[in-house]
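# Survey of secondary and tertiary structure
Here is how the chains run, residue by residue.
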Amino acid sequence: MKTIGLIGGMSFESSAVYYRQVNEAVRARLGGLTSAEVLMHSVNFAEIVALQKAGRWDLAAKRLGDVATGLEKAGADCVLICTNTMHLVADEVQARIDVPLINIIDETAHALKAGGAKRPLLLATRYTMEQPFYAERMKRHGIEIMVPDAEGRTVTHDVIFEELCAGRVLDTSRDKLNGIIEQAKAEGADSVILGCTEICLILDPTTLQLPGYNSTTIHAEAAVTFALQGDRDIRAA
């Protein structure tokens, strides 16, 4: 079994989900008391959020690159950035290490294509919905994403940062997100990407009005596949 390196803490709420899902997936595949070989470096999210708000993605890339380098030196055979938003600097982080960085956007695209989805609604942070990195990488896979309107993007971003990252899950916010999905369905969306690793805390992808793709689970499963097989070119777009 190869060792999985997790860059966590963004937020720790979703990092806990990663740790559980990685280990559950290993146990499901191998049985018994088997668990995963995992190294996690959990960063101070407040520092990362400050860099996001300041637009200092260069400093964020250096910070996560330093963490990834440390995980590789400690024995990680692959690295995951346990958040969608910080994949804005994924290429810079990958350039710092020799082991593969398993990209959450690519893995989600593979799942969408396997499910026949072509026009997904993306629910994520404002950075992920509005910066070009996510949509452009999805286009490489032939997928055109939809995002909520301005009000919907604000609602989604605020639910993530003000509630989910703080461990608060509110029924009223779930209703708002379901309303955004309903509107997107009427506008032609054929699926929903839970494109923030905390959104799975409030939305169950199996109960939505459209087929749901949980990026957290998809990412964790990809890491386990790599750890147990290892011969797949995980960096292939």
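Residues numbered from 1 in each chain as written. Predicted model: local features only at pLDDT ≥ 70, side-chain atom pairs only at ≥ 80, totals over all residues. Heavy atoms only, no water.

## Digging into the overall build of the protein chain
Helix and strand content of the protein chain: 10 helices and six strands. Over its C-alpha atoms the protein chain spans a radius of gyration of 17 Å, differing by no more than 12% from the 18 Å that the globule rule assigns to 237 residues. Taken across its 237 residues, the protein chain has 53% of its residues classed as buried. Expressed as a percentage of contacts within the protein chain between residues at least 6 apart in sequence, the contacts between residues at least 24 apart total 75%. Surface exposure of the protein chain reaches about 10200 Å², of which carbon and sulfur atoms provide 48%. Considering the protein chain, the positive charge centre built from 24 side chains and the negative charge centre built from 31 side chains are found 2 Å apart. (Helix = DSSP H or I, 4+ residues; strand = E, 2+ residues; numbered from the N terminus. Rg over C-alpha atoms; globule rule 2.2 N^0.38 Å. Buried < 20%, exposed > 50% of the residue type's maximum accessible area, 1.4 Å probe, protein only. Contact = heavy atoms within 4.5 Å. Areas by Shrake-Rupley, 256 points an atom, 1.4 Å probe, with all protein chains shown as cover. Lys, Arg positive; Asp, Glu negative; His and termini not counted. Charge placed at Lys NZ, Arg CZ, Asp CG, Glu CD.)

## Section: the sheet that holds strand 5 (residues 191-194)
Pairing is parallel in the open sheet, where three strands are placed in the order 4-5-6. Two strands bound the open sheet, and with one partner strand each, they are strand 4 (120-123) and strand 6 (212-214). Averaged over all adjacent pairs, the angle separating strand axes in this sheet is 20°, with direction ignored. Alignment of strand 4 against strand 5, held across four bridges, turns out to be parallel. The partner of P120 across the bridge, within strand 5, is S191. (Pairing = 2+ DSSP bridges. Axes fitted to C-alpha atoms, helices over the stretch in contact; angles between N-to-C directions.)

## What about the packing of aromatic side chains?
Counted under the stated rule, the structure contains four aromatic pairs. Judged by centre distance (6.1 Å) and plane angle (15°), the rings of F45 and F161 are stacked. Placement of the pair is F45 in helix 2 (residues 45-54) and F161 in helix 8 (residues 150-163), with a sequence separation of 116 residues. (Phe/Tyr/Trp six-rings, centres within 6.5 Å; stacked < 30°, edge-to-face > 60°.)

## Comments concerning helix 8
Look at helix 8: 19 Å from first C-alpha to last across 14 residues, which is about the 20 Å you get at 1.5 Å a residue. For helix 8, every residue scored as buried is listed here: G152, R153, T156, H157, V159, I160 and E163. Contacts from the buried residues of helix 8 go to strand 4, helix 6 (126-130) and helix 9 (171-186). (Expected span 1.5 Å × (residues − 1).)

## Re the sheet that holds strand 2 (residues 38-42)
One open sheet accounts for three strands, arranged 2-1-3; its pairing is parallel. Edge positions in the open sheet fall to strand 2 and strand 3 (78-81), since each of these has one partner strand only. Averaged over all pairs of adjacent strands, the angle between their axes in this sheet comes to 20°, without regard to strand direction. The pairing of strand 1 (residues 4-8) with strand 2 spans five bridges and is classified as parallel. Residue pairing for strand 2: L6 is matched across the bridge by M40. Packed onto the sheet, helix 10 (residues 215-228) meets strand 1 and strand 3 and runs at close to 175° relative to strand 3.

## Some remarks on the packing of helix 5 (residues 104-114) against helix 7 (residues 132-140)
It is the contact of helix 5 with helix 7, at a shortest axis distance of 10 Å, that shows an interaxial angle of 45°. It follows that helix 5 is oblique to helix 7 by the angle criterion. Crossing hand, helix 5 versus helix 7: right-handed. Side by side, helix 5 and helix 7 meet where I105, D106, T108, A109 and L112 of the first sit next to F133, Y134, R137 and M138 of the second. Residue composition of the contact of helix 5 with helix 7, grouped by class: six nonpolar, one polar and two charged. (Parallel < 35°, antiparallel > 145°, perpendicular 65-115°, else oblique. Left-handed = near helix turned anticlockwise from the far one by under 90°. Nonpolar A, V, L, I, M, F, W, Y, C, P; charged D, E, K, R; others polar.)

## A word on the confidence of the model for the protein chain
Residue-level pLDDT values for the protein chain average 95, and 97% of them are 70 or greater. Of the regions scoring below 50 in pLDDT, residues 231-237 engages in 18 contacts with residues more than four places distant in sequence or in other chains. (pLDDT = per-residue confidence, 0-100.)

## Description of the side chain of T128
Residue placement: T128 occurs in helix 6. With relative accessibility at 0%, the residue T128 sits in the buried group. At 2.9 Å, the side chain of T128 and the side chain of T85 are in polar contact. Not counting residues up to four positions away in its chain, the partners in contact with T128 are N84, T85, L122, F133, Y134 and G195. (Polar contact = N/O pair within 3.5 Å; in protein donor to acceptor, adjacent residues only side chain to side chain.)

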